[in-house]
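Remarks on the overall topology
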Amino acid sequence: MAAPGSCALWSYCGRGWSRAMRGCQLLGLRSSWPGDLLSARLLSQEKRAAETHFGFETVSEEEKGGKVYQVFESVAKKYDVMNDMMSLGIHRVWKDLLLWKMHPLPGTQLLDVAGGTGLAWVLGDAEELPFDDDKFDIYTIAFGIRNVTHIDQALQEAHRVLKPGGRFLCLEFSQVNNPLISRLYDLYSFQVIPVLGEVIAGDWKSYQYLVESIRRFPSQEEFKDMIEDAGFHKVTYESLTSGIVAIHSGFKL
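Where an unreviewed UniProt entry is consulted, the chain appears under the name 2-methoxy-6-polyprenyl-1,4-benzoquinol methylase, mitochondrial, with the organism given as Homo sapiens. Turning to the chain, the UniProt record has this under Sequence similarities (unreviewed entry): "Belongs to the class I-like SAM-binding methyltransferase superfamily. MenG/UbiE family." Listed in UniProt under the heading Subcellular location (unreviewed entry), the comment for the chain reads: "Mitochondrion inner membrane".

Here's what the structure looks like:
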């Protein structure tokens, strides 16, 4: 679980990445709503077009930003503890693997979206990044893009701000590829994680949203296609822990 993408706190830095990866806070939100409509029929069409999901619930796009913001406001104080409890600490291994794939060198310009880590923080919208074109060498987002209202727009923005030759890296929950493990994972997710959320963080609903949002996120292959549609090349992915999470990689050429 990470800070919401379209309600994101970014960080970017040119050095000190390992040190910068410690700590994770969130806050901020920005959303939009359709303008004036010409008729009741157009209003109905626009309403349907502007609907999205919040977990298994159907909500308006405007509503989703506020709901995701409230989730992270609620879980912030117990965020790291809950991540350790839910994953038995394995999330730290996943993040280490992301860093190993990144392999930043001194002077590399890095942008970490929806994480709140780094030496310099900027608050804004992942779907409309406040940075110039061709600015960064590496763009990373870990457990954040799942919360973005328009994933395609966030991916296009990632492509825009990367330099030619720049790399996109995303660590996100994905689709378990073993039927037996999938059944056990579903049982744990829906029966245990919300209970842990209630006991440790005093918040059942936020962790119910977490497990539902994971199930709504595209599979590894579907997300790979979305990254390619945003203009990235040489897109690959690696499934970790039987597909519970995956690291997707792509390059701007």
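Let us keep going from here.
Some remarks on the overall build of the chain
When helices and strands are counted, the chain shows 10 helices and 9 strands. A burial count over the chain gives 49% of its 253 residues as buried. When the accessible surface of the chain is split by element, carbon and sulfur atoms take 53% of a total near 12400 Å².

Describing the layout of surface pockets
Of the voids in this model, the second largest pocket is the one considered here, and its volume is about 360 Å³. If you go around the second largest pocket, you meet 22 residues; those closest to its centre are Met86, Ser87, Trp94, Tyr188 and Ile244. Residue composition of the lining of the second largest pocket, by class: 16 nonpolar, 5 polar and 1 charged.

Here we look at the pairing of strand β9 (residues 245-251)
With 6 of 7 residues buried, β9 lies mostly within the body of the structure. Bridging between strand β7 (residues 162-173) and β9 involves 7 bridges; their strand directions are antiparallel. Each bridged residue has a counterpart across the sheet, and for Leu169 the counterpart in β9 is Ser249. Pairing of strand β8 (residues 233-240) with β9 involves 6 bridges; the strand directions are antiparallel. For Thr236, the partnering residue across the bridge sits in β9 and is Ser249.

What to know about the UniProt feature "binding site: S-adenosyl-L-methionine" (unreviewed entry) in the chain
The feature "binding site: S-adenosyl-L-methionine" (unreviewed entry), as annotated in UniProt, sits at Thr117, Asp125 and Ala126 in this numbering. Exposure remark for Asp125: the relative accessible area of 8% places this residue in the buried category. Note on placement: Ala126 falls in the loop between β5 (120-124) and β6 (136-142). A relative accessible area of 1% places Ala126 in the buried class.

Describing the pattern of salt bridges
Under the definition given, this model contains 9 salt bridges. Put simply, Glu157 and Arg160 hold a salt bridge, and the shortest N to O gap is 2.8 Å. Pair noted here: Glu157 and Arg160 are both in helix α6 (residues 151-161), with a separation of 3 residues, about one helical turn. The partly exposed category is assigned to Arg160, whose relative accessible area is 23%.

Remarks on a negative patch on the surface
Together, Glu221, Glu222, Asp225 and Asp229 make up a region of like negative charge exposed at the surface. For Asp225, the location among the structural elements is in helix α10 (residues 220-229). Relative accessible area serves as the criterion here: at 37%, Asp225 is assigned to the partly exposed category.

Remarks on unusual backbone geometry
One non-glycine residue with positive phi stands out, namely Asp134, at about 55°. Within the secondary structure, Asp134 is located in the loop between β5 and β6. Residue class for Asp134 comes out partly exposed when judged on its relative accessible area of 39%.

The rules behind these values
- Residues numbered from 1 in each chain as written.
- Predicted model: local features only at pLDDT ≥ 70, side-chain atom pairs only at ≥ 80, totals over all residues.
- Heavy atoms only, no water.
- UniProt positions renumbered as here; feature names shortened; annotations may be inferred.
- Helix = DSSP H or I, 4+ residues; strand = E, 2+ residues; numbered from the N terminus.
- Buried < 20%, exposed > 50% of the residue type's maximum accessible area, 1.4 Å probe, protein only.
- Areas by Shrake-Rupley, 256 points an atom, 1.4 Å probe, with all protein chains shown as cover.
- 1 Å grid on protein atoms, 1.4 Å probe; cavity = no way out; pocket = protein on both sides within 12 Å on 5 of 7 lines; lining within 4 Å.
- Points joined across faces, edges and corners; volume = space filled by probe spheres on them.
- Nonpolar A, V, L, I, M, F, W, Y, C, P; charged D, E, K, R; others polar.
- Pairing = 2+ DSSP bridges.
- Salt bridge = Lys/Arg side-chain N within 4 Å of Asp/Glu carboxyl O.
- Patch = residues over 30% accessible without salt bridge, like charges linked within 9 Å, V, L, I, M, F, W, Y side chains within 5 Å.
- Lys, Arg positive; Asp, Glu negative; His and termini not counted.
- Charge placed at Lys NZ, Arg CZ, Asp CG, Glu CD.

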